[in-house]
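# Residue-level structure breakdown
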Amino acid sequence: MQHIRTSRFGQRAGGASALLSLVALVTGGLLAAAPTAAAQQADDPASNVKQLCATAKSGQMHCLALERTDVKQHRGITADAAPSGLGPADLQKAYNLPASGGSGQTVAIVDAQDDPNAESDLATYRSQYGLPACTTANGCFKKVDQDGGSNYPTADAGWAGEISLDVDMVSAACPQCHILLVEAKSANMDDLGAAVNRAVTMGAKFVSNSYGGGEDASDTTADSKYFNHPGVAITVSSGDSGYGVEYPAASQYVTAVGGTSLKKDSSTRGWSESVWGSSSGGDGAGSGCSAYDPKPSWQKDTACAKRAVADVAAVADPATGLAVYDTYQASGWNVYGGTSASSPIIASVYALAGAPGASSTPSSFPYAHTGSLNDVTSGANGSCGNYLCKAGTGYDGPTGLGTPNGTAAFTG
């Protein structure tokens, strides 16, 4: 299968990013004595963002994490001020999530290649924000290869950054959740799909996938082999290249997760969101109408006869990005974004809502609870001329039905 999608963002060189300027992005965390980050967010031109993963080779997927290059990086725990970017308290307030909950649930993260520092970096992130320890020793964290063993694949700096983003977002949204990291031996769909199946075999009811590539005619075969798991909430990032559909977000069996810009404001909610992207396209959350995958019965939009992307959304804009700790060929605290952030956030919200019924279809749940979501009504990720690239009241492509307002929309 050819799964290639490019973006106008550059690639990460595998070492620490250049420090282009010091940005005053101080977030509110449990150890912070500073204002919340969202109030301090600055505009972020695309020139200050890099892809973490190199452009995918033919037949491979690429990770969808983006790295800010205009943020001062540092290592270790800082007690006097929280790191740059949004932290756990910000996400919990913005999306009305309980600080407790999720106990006994396992969120699986599926990525390619190995992050040798995954557990130690996770420990630093959680310690910084006062979250309970999540380690192999206490049974909260587990890392396996796609066969369920410890023969980990080759380490890769870009995918390691992706892994750091994913496990940190689970920690932020669902601090009590266990984390299962399944590392595929390559970025081929067959290896990543085998890792999804492994996560389900190991008991995970929530599986996040932060990667994608172009559609092709073999996607429906991959659907049945890797993503048709009743009773399991499988989330997939919608893409970072603006209007246009990626796979496996287009799978009829998954919850496709779009992206927003999330900012603190003076409203009753205290936060506002718009589509991550612009009408000129080129970057931002992916969306559109699948060329191959059939439309699920619960999707009722009229301009797309096949599967429409996305279903729901969460913060993804690097300009309003997330604090992440990553030290594998990287410099510690940074600000990451992309729909790679929104997918594990939504998987964690599903976990907070509780285990789905054994024969249920979790991707349909939000469509039965649209009133329990924050409807995103402004912004665009391209110029398609309709709701598939432009936000409005109700369903739209870039943000789906909206973003979490508590957990009610993610229950059966």
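In this text, all values refer to a predicted model and were calculated from it rather than measured experimentally.

## As for the environment of Y325
- With respect to the helices and strands, Y325 occurs in strand β18 (residues 322-326).
- Between the alpha carbons of Y325 and V335 there is a distance of 8.7 Å; along the sequence they are 10 residues apart.
- Residues within four places of Y325 in sequence aside, it is in contact with H74, R75, G76, D121, T124, Y125, S164, D168, G332 and W333.

## What to know about the state of the cysteines
- For the structure shown, the criterion picks out five disulfides.
- With its sulfur 2.1 Å from that of its partner, C174 forms a disulfide with C177. With the S-S dihedral at roughly 70°, the linkage between C174 and C177 falls on the right-handed side. C177 shares its class with C174; the two are buried.
- Look at the protein chain and number its bonded cysteines as they come in the sequence; the links are 1-2, 3-4, 5-6, 7-8, 9-10.

## Topic: the pairing of strand β15 (residues 284-294)
- Note: strand β11 (residues 241-243) against β15, two bridges, orientation parallel. Within β15, the position partnered with S241 by the bridge is G284.
- When β15 meets strand β16 (residues 306-309), the two strands line up antiparallel, connected through three bridges. When the bridges of β16 are listed, P294 appears paired with K306.

## A closer look at the pattern of salt bridges
- Under the counting rule described, the total for this entry stands at five salt bridges.
- Across the pair R68 and D70 runs a salt bridge whose closest N-O atoms are separated by 2.8 Å.
- Overall, the relative accessible area of 1% leaves R68 in the buried class.
- Taking the shortest distance from any N to any O, the salt bridge between R269 and E273 comes out at 2.8 Å.

## Notes on the nonpolar core
- Counting residues in hydrophobic clusters, the biggest one holds 96 residues, and the most contacted among them are M169, V207, Y211 and F227.
- One finds V49, L66, W276 and A285 within the second-largest nonpolar core, a separate group that totals five residues.

## Digging into the sheet that holds β11
- Strand order in the open sheet formed by three strands is β11-β15-β16, and the pairing between neighbours is mixed. A strand with exactly one partner marks an edge of an open sheet, and here the two such strands are β11 and β16. Mean inter-strand twist for the sheet, computed between neighbouring axes without regard to direction, equals 35°.

## Topic: the side chain of T399
- On the secondary structure map, T399 appears in the loop between β20 (373-374) and β21 (403-404).
- For T399, a relative accessible area of 0% corresponds to the buried category.
- Within the local environment of T399, its side chain forms a polar contact with the side chain of D396, the two groups lying 2.8 Å apart.

## Focus on helix α3 (residues 157-173)
- Counted at 1.5 Å a residue, the expected span for α3 with its 17 residues is 24 Å, and the 25 Å between its end C-alpha atoms agrees.
- Buried residues dominate α3, accounting for 17 of its 17 residues.
- N-capping of α3 is provided by D156, with a side-chain oxygen placed 3.1 Å from the backbone N of G158.

## Considerations on the packing of aromatic side chains
- What the rule picks out here adds up to seven aromatic pairs.
- For the ring pair Y125 and Y129, a centre distance of 5.0 Å and an interplane angle of 55° mean the geometry is tilted. Both residues of the pair, Y125 and Y129, belong to the buried class.
- Their ring planes at 55° and their centres at 4.9 Å tell us that Y325 and W333 sit as a pair that is tilted.
- Residue Y325 is classed as buried on the basis of its relative accessible area, which comes to 5%.
- Residue W333 is classed as buried on the basis of its relative accessible area of 2%.
- Grouping aromatic residues by their ring pairs yields a cluster made of Y125, Y129, Y325 and W333.

Reading the values: rules and limits
- Residues numbered from 1 in each chain as written.
- Predicted model: local features only at pLDDT ≥ 70, side-chain atom pairs only at ≥ 80, totals over all residues.
- Heavy atoms only, no water.
- Helix = DSSP H or I, 4+ residues; strand = E, 2+ residues; numbered from the N terminus.
- Contact = heavy atoms within 4.5 Å.
- Disulfide = S-S within 2.5 Å.
- Buried < 20%, exposed > 50% of the residue type's maximum accessible area, 1.4 Å probe, protein only.
- Pairing = 2+ DSSP bridges.
- Salt bridge = Lys/Arg side-chain N within 4 Å of Asp/Glu carboxyl O.
- Core = buried A, V, L, I, M, F, W, Y, C linked by side-chain atoms within 4.5 Å.
- Axes fitted to C-alpha atoms, helices over the stretch in contact; angles between N-to-C directions.
- Polar contact = N/O pair within 3.5 Å; in protein donor to acceptor, adjacent residues only side chain to side chain.
- Expected span 1.5 Å × (residues − 1).
- Phe/Tyr/Trp six-rings, centres within 6.5 Å; stacked < 30°, edge-to-face > 60°.

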